[in-house]
Amino acid sequence: MDLEKPPARQQQHQAPEGCLAIAIRVPVRIVVLVLVVPVRMAWDALVVAGRFLNDTVLRPVGRALLWLGRAVFVWPFVALWRYVVVPVAKGLAWLGNVLLVIPLVWLYRYVLTPVGHACAWVARGIGAGLTWLYARVLTPIGHAVLWVLKGLGAVLTAIGLGVFGAVAWLVRYLLVVPALWLYEWVLTPVGHAVAWCAKGVAWLVSTVVTGIGIALYWIVRVLLVLPALGLYRWVLTPVGRMLAVVGREIWDALGHAWRIAGHISLAVGRFLANVFRWTFVEPVRWVYRTVLTPVGHVVRDAVLRPVAEAARSVGRATRQALASARESVRQARADFRRMLFGESREREAVPAREPRGRETRTLGSSTTALTKD
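No experiment lies behind these values; they were computed from the predicted model shown.

Draft legend 1. Highlighting the overall build of the chain. The helix and strand tally for the chain stands at two helices and zero strands. Taken over 373 residues, the chain has a buried fraction of 6%. For the chain, the proportion of contacts with a sequence separation of at least 24, taken over those separated by at least 6, is 71%. For the chain, the computed accessible surface area is about 32,600 Å², with 73% contributed by carbon and sulfur atoms.

The structure is reproduced here in structure tokens:
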């Protein structure tokens, strides 16, 4: 009996099951379900606790540690780089430019460049002298020496060819011809005889080895291979098939039990959530809605608003008193200044060149006295 009915296509293509699988399936699934339900409920409880811990503790602590790490390690180094290292580097760069680059450029431009030009001119003069020496002196001497060497080479070549011919004739008739005769009439027959004997010995050895190999093959086959084949075919294969059926049923039972345990765990979690809601959340909500909210409204209307209005009126009176005090101080300072230095002369009014009203210049009007209508 399956806990979940497979689709129709899977039923059509599924292979027929034996009586062993059907007999094993129900007890295995019952036992596995009893064992898996507590594990699944504990797993779901750990998942919920982990999520709650991550949302309430680990994430805020991680953010605080991140901010603390930035404040301790990042921001001081950024400030050090921005306000210490960069200005010091710019100062060192300017100092290096003034103390090294500019003197080196001046030395290259006004010392090394003229010296280099003078050295190049001297080198060109020496090269021209060496070219004249090679063309006018060394070349004729070299041609004469080469002609003498060619004559000596021709004489030495003729002498060497004669000596080589004599040595070659002596080597041929004293070494090559006797060695060839020895190879054809002595070594070749001996080699043929040795090769024939080696072939016979090799055939004999191969025959003996082949017989021993065939005997060992049949011994190993009869004593080891055939019993092992019978053990594999008649013992291990049925046991393996039975274990495969049992393992497949246990795996399917684990899958079904895990899914059923998930549904059971979900139902238990919803039940506990409803119990927590009706025993703690709803009473707290009712107390907040029916008791604390009206009390808060009464406190706000009867106490907080009058206190805030009184504080605002006191603030307005204080600001008006401070404004009047500042105005009195300013007037007293002005009277003291007039008493010490007298009345200040008013500036003469300068006629404005632009119109002060809202009217603007147009093509049909003007602000000058000569063109004004």
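Draft legend 2. Up close: the nonpolar core. Among the nonpolar cores identified, the biggest contains seven residues, and these are Val 28, Val 32, Val 36, Val 37, Ala 253, Ala 257 and Ala 261. Ignoring anything within four residues of it in the chain, the contact list for Val 28 reads Glu 249, Ile 250 and Ala 253.

Draft legend 3. Representation of the pattern of salt bridges. Within this structure, the stated rule accounts for nine salt bridges. Linking Arg 312 and Glu 309 is a salt bridge whose minimum nitrogen-to-oxygen distance equals 2.7 Å. Residue Arg 312 and its partner Glu 309 are located together in helix α2 (residues 19-341), separated by three residues, close to a single helical turn.

Draft legend 4. Inspection of the packing of aromatic side chains at higher detail. By the definition in use, this model includes five aromatic pairs. When the ring of Trp 106 is compared with that of Tyr 110, the centres are 5.9 Å apart and the planes differ by 40°; the resulting orientation is tilted. With Trp 106 and Tyr 110 both in helix α2, this residue pair falls four residues apart, about one helical turn. The ring of Trp 278 carries Arg 277 above its face, with NZ or CZ at 5.4 Å from the centroid.

Draft legend 5. Representation of the environment of Val 37 in the model. Counting through the fold element by element, Val 37 comes out in helix α2. Between the alpha carbons of Val 37 and Ile 260 there is a distance of 7.9 Å; along the sequence they are 223 residues apart. Apart from residues lying up to four places away in sequence, Val 37 is in contact with Ala 261 and Ile 264.

Draft legend 6. Summary view of the confidence of the model for the chain. Looking at the chain, pLDDT values average 82 and 85% of them are 70 or higher. Here residues 1-16 is modelled with pLDDT under 50, and outside its nearest four sequence neighbours on either side it reaches twelve contacts, counting other chains as well. Low pLDDT, under 50, characterises residues 369-373; the predicted model gives this stretch three contacts beyond four residues in sequence or across chains.

Thresholds applied
Residues numbered from 1 in each chain as written. Predicted model: local features only at pLDDT ≥ 70, side-chain atom pairs only at ≥ 80, totals over all residues. Heavy atoms only, no water. Helix = DSSP H or I, 4+ residues; strand = E, 2+ residues; numbered from the N terminus. Buried < 20%, exposed > 50% of the residue type's maximum accessible area, 1.4 Å probe, protein only. Contact = heavy atoms within 4.5 Å. Areas by Shrake-Rupley, 256 points an atom, 1.4 Å probe, with all protein chains shown as cover. Core = buried A, V, L, I, M, F, W, Y, C linked by side-chain atoms within 4.5 Å. Salt bridge = Lys/Arg side-chain N within 4 Å of Asp/Glu carboxyl O. Phe/Tyr/Trp six-rings, centres within 6.5 Å; stacked < 30°, edge-to-face > 60°. Lys NZ or Arg CZ within 6 Å of the ring centre and 35° of its normal. pLDDT = per-residue confidence, 0-100.

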